[in-house]
Amino acid sequence: MTAVPENEYYLLGRNSVETQRLDEQHNFLTDLCGGSLISKSISEDKIFSIADVATGTGVWLRDVKAHLDSTHPTGPSKPRYYHGFDLSDAQYPTNQGLDGINYSLHDCLKPFPVEHHNRYDLVHVRLLVAAIKETEFKLIVANLKPLLKRGGYLQWEDLDLKSFLTSHEPKYDSFPTIQTLRLCIETQIGYDASPHVPETVADAARENGFADVIHILYNTKDRPEMAEQVLNWVSKVMAPLLRAILGRTGRAKNEEDLQAHTQSHLDGLRTSFERGLAPNGAMGMVIARKE
Ligand SMILES: C[S@@+](CC[C@H](N)C(=O)[O-])C[C@H]1O[C@@H](n2cnc3c(N)ncnc32)[C@H](O)[C@@H]1O
């Protein structure tokens, strides 16, 4: 396993619980974003090489491969090429290389190796919200562009942080959950995270000369049938996020204190949910084409 910088900005960690959480939330996020792994505005029959940047456990790539293998089989003479990049290999699958997917280490704040240039029909990114500062998105999009062939697509899904600060009814605004969400979100923004990542990515794509930039927001409040899953998703991500934020802001003096504070926030969340608060928030998808 390769060491990542000791003082890295990424908030969520990479232990086995977090690996399981990323894998579990994948289907939920796909459903929330309209049910398609690849945007319907991209013709899947023209996609032969795919990169997933900040791939984490590679769950999106594995699912895309299974999907394209079944819907658009290519045959052994022209196999599709799949490549996952991440700053760390701690969450890469243990059967790496045996499932037809390639993985390598790369910090997307740095230019990608030339052997990957002009190689991909689709470059995908999902959830860098807790890892990247607002000012860095333009540089990342500039680093991603050379990976694409002409006519290739960038597809990026990420969270709009500020959308989580609203509830479905004003009476819930004073609930402890909203205070907990405010602590998590305002602390991240205070650490220079982008308050509206999808909008920031769309602007970065336009500034980097991409064409046909589309930006769609998928809001949990528009999906009442997913309420139970939204609640489960928010509860699961809050545990590692709260630990990181309470630890980094010095609100907890030691491990015991950290556990107690985290638990008290999580109890507040559960109580608010039991009293009817439905967590709100938006995931945005940005599509852009390289001319
Ligand atoms: C929340 S996870 C998302 C993983 C995956 N995209 C998904 O949707 O399941 C964020 C990932 O970004 C990676 N990451 C953070 N900073 C990075 C950087 N500068 N370059 C490449 N990957 C990075 C982390 O290691 C982590 O795997």
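Reading guide: rules and limits
- Residues numbered from 1 in each chain as written.
- Predicted model: local features only at pLDDT ≥ 70, side-chain atom pairs only at ≥ 80, totals over all residues.
- Helix = DSSP H or I, 4+ residues; strand = E, 2+ residues; numbered from the N terminus.
- Rg over C-alpha atoms; globule rule 2.2 N^0.38 Å.
- Buried ≥ 20, exposed ≤ 12 C-beta atoms within 10 Å, placed from the backbone.
- Contact = placed C-beta atoms within 7 Å.
- Expected span 1.5 Å × (residues − 1).
- Arc of directions from axis to C-beta.
- Near = placed C-beta within 6 Å.
- Nonpolar A, V, L, I, M, F, W, Y, C, P; charged D, E, K, R; others polar.
- Core = buried A, V, L, I, M, F, W, Y, C linked by C-beta atoms within 7 Å.
- Right-handed = clockwise from strand over helix to strand, strands pointing away.
- Pairing = 2+ DSSP bridges.
- Axes fitted to C-alpha atoms, helices over the stretch in contact; angles between N-to-C directions.
- Parallel < 35°, antiparallel > 145°, perpendicular 65-115°, else oblique.

Student: I keep staring at the overall build of the chain and nothing clicks. Help me out?
Tutor: Secondary structure assignment for the chain yields seven helices and seven strands. Moving toward the C terminus, one meets the helices and strands of the chain in the order α-β-α-β-β-β-α-β-α-α-β-α-α-β. For a compact globule of 291 residues, the expected C-alpha radius of gyration is about 19 Å, and the chain comes in at 19 Å, within 12% of that figure. Summarising its shape, the C-alpha atoms of the chain cover approximately 60 × 40 × 35 Å along the three principal directions. When the 291 residues of the chain are sorted by exposure, 35% land in the buried category. The long-range share in the chain, meaning contacts at least 24 apart out of those at least 6 apart in sequence, stands at 81%.

Student: How should helix α4 (residues 176-190) be read in this particular structure?
Tutor: Helical geometry: 3.6 residues make up each α-helical turn, so side chains three or four residues apart lie on a common side. Under the 1.5 Å per step criterion, the end-to-end length of α4 is 20 Å for 15 residues, consistent within 8% with the ideal 21 Å. The complete set of buried residues in α4 reads Thr-177, Ile-178, Thr-180, Leu-181, Cys-184 and Ile-185. What you see down the axis of α4 is that its buried residues fit within an arc of 160°, all on one side. Of the surrounding secondary structure, the elements contacted by the buried residues of α4 are α6 (227-248) and α7 (255-274). Taken from the residues just after α4, Asp-192 is the one with a positive phi, measuring 80°.

Student: When you look at the site of the ligand in this model, what are you seeing that I'm missing?
Tutor: By nearness alone, 20 residues border the ligand, and Ala-54, Gly-56, Leu-87, Arg-126 and Ala-131 come closest of all. Only α1 (16-32) and α2 (59-71) provide two or more residues apiece to the shell around the ligand. Split into classes, the residues belonging to the shell around the ligand amount to twelve nonpolar, five polar and three charged.

Student: I tried to follow the nonpolar core on my own but got confused; where do I start?
Tutor: Soluble globular proteins: nonpolar side chains tend toward being buried together. Residues Val-53, Val-123, Leu-154, Val-201, Ala-205 and Val-286 are the most contacted members of the largest nonpolar core, which totals 64 residues. Take this core: its biggest share by element is nine residues, from α6. Apart from residues no more than four positions distant in its own chain, Ala-205 is found in contact with Val-141, Leu-154, Phe-210, Val-213, Val-286 and Ala-288.

Student: How do you make sense of unusual backbone geometry when you look at a structure like this?
Tutor: Where the residue is not glycine, phi is negative for most of them; where a peptide bond is considered, it is trans in most cases. The phi dihedral of Asp-192 is positive, around 80°, even though this residue is not glycine. A positive phi is found at Asp-212, a non-glycine position, where the angle reads about 50°. Classification of Asp-212 by C-beta neighbours within 10 Å gives exposed; the count is 12.

Student: Looking at this structure, I do not really get the pairing of strand β2 (residues 81-86). What am I missing?
Tutor: If a strand is regular, its side chains alternate between the two faces of the sheet. With five of its six residues buried, β2 lies for the most part within the structure. Assessed by its sense of winding, the connection that carries the chain from strand β1 (residues 49-53) through α2 to β2 is right-handed. Pairing of β2 with strand β3 (residues 102-105), which is carried by four bridges, proceeds in the parallel orientation. Each bridged residue has a counterpart across the sheet, and for His-83 the counterpart in β3 is Asn-102.

Student: Help me understand the environment of Glu-115 in this model?
Tutor: Tracing the chain through its elements places Glu-115 in the loop between β3 and β4 (120-126). Along the primary structure Glu-115 and Leu-147 are separated by 32 residues, whereas in three dimensions their C-alpha atoms are 9.1 Å apart.

Student: Explanation requested: the packing of α1 against α2 in the structure shown.
Tutor: Axis separation between α1 and α2 bottoms out at 9 Å; the angle between their running directions is 45°. In terms of orientation, α1 and α2 fall into the oblique class. On α2, the residues that touch Leu-22, Asp-23 and His-26 of α1 are Val-59, Trp-60 and Asp-63. When the residues that make up the contact of α1 with α2 are grouped by side-chain class, the tally is three nonpolar, one polar and two charged.

Student: Would you mind showing me how to read the sheet that holds β4 here?
Tutor: The strands that make up a sheet are held in pairs by hydrogen bonds between backbone atoms, and each pair lies either parallel or antiparallel. With respect to topology, seven strands assemble into an open sheet ordered β3-β2-β1-β4-β5-β7-β6, the strand pairing being mixed. Every interior strand has two partners, whereas the edge strands, β3 and β6 (211-219), have only one. Across the sheet, the axes of successive neighbouring strands diverge by a mean angle of 15°, strand direction being ignored. Sheet topology places β1 next to β2; five bridges connect them, and they run parallel. Among the inter-strand pairings, Val-53 is bridged to a residue of β2, identified as Phe-85. Strands in contact with α2 are β1, β2 and β4; relative to β1, the strand with the most contacts, it is inclined by about 160°. In the packing of helix α5 (residues 197-207) onto the sheet, the strands contacted are β5 (148-160), β6 and β7 (282-289), and the crossing angle to β5 comes to about 160°.

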